[in-house]
Amino acid sequence: MPDIYRALGDPTRRKILLMLKSGDKTQKEIVAAFNISQPAVKKHLKVLLDEQIIKEQIHGKYRIYHLDLHMLQTAYQEMLHDIGDLLDHKLHSLKDYMEKGED
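Residues numbered from 1 in each chain as written. Predicted model: local features only at pLDDT ≥ 70, side-chain atom pairs only at ≥ 80, totals over all residues. Heavy atoms only, no water.

## Overview of the sheet that holds strand β3 (residues 62-67)
Here comes step 1: One open sheet accounts for three strands, arranged β1-β3-β2; its pairing is antiparallel. Single-partner strands in this sheet number two, and they are β1 (25-26) and β2 (54-59).
Here comes step 2: Pairing of β1 with β3, which is carried by two bridges, proceeds in the antiparallel orientation. Residue Lys 25 lies in a different strand from β3, and its bridge partner there is Tyr 65.
Here comes step 3: Against the sheet, helix α2 (residues 11-21) touches β1, β2 and β3, its axis set at about 90° to β3.
Here comes step 4: Packing of helix α4 (residues 38-50) onto the sheet brings it into contact with β2 and β3, and relative to β2 it is tilted by some 115°. (Pairing = 2+ DSSP bridges. Helix = DSSP H or I, 4+ residues; strand = E, 2+ residues; numbered from the N terminus. Contact = heavy atoms within 4.5 Å. Axes fitted to C-alpha atoms, helices over the stretch in contact; angles between N-to-C directions.)

## Some details on the pattern of salt bridges
Here comes step 1: Taken as a whole and judged by the stated rule, the model has five salt bridges.
Here comes step 2: A salt bridge links Asp 50 to Lys 46; the nearest nitrogen and oxygen atoms lie 3.0 Å apart. Of this pair, Asp 50 and Lys 46 both sit in helix α4, separated by four residues, roughly a single helical turn.
Here comes step 3: Take Lys 46: its relative accessible area is 48%, and that puts it in the partly exposed class.
Here comes step 4: Of the charged contacts in the structure, one is a salt bridge between Glu 56 and Arg 63, with a shortest N-O distance of 3.1 Å.
Here comes step 5: One salt-bridge network, in which partners are shared between bridges, spans Lys 42, Glu 56 and Arg 63. (Salt bridge = Lys/Arg side-chain N within 4 Å of Asp/Glu carboxyl O. Buried < 20%, exposed > 50% of the residue type's maximum accessible area, 1.4 Å probe, protein only.)

Printed below as a string of structure tokens:
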């Protein structure tokens, strides 16, 4: 299961995902969009690859990246579930507090 929090936890990775939303991009196109080194961008791409949020295809000397929509949707659903559990817990705590009243 991908770790969506790790994947989205950095603004550079979020920007890469937004770029890929509009279509496949080469590594060169992705690197050109940032004011950081190619190795730094490559590290961000590796995190997204490790978390299976994007896929990489090699065509000759070019690396082409695209979103893995199925894994992204799965990770999104898991994140929604986690947030729902967190909110349920907080709402139960608030309900208990309100029912006890102030002494």
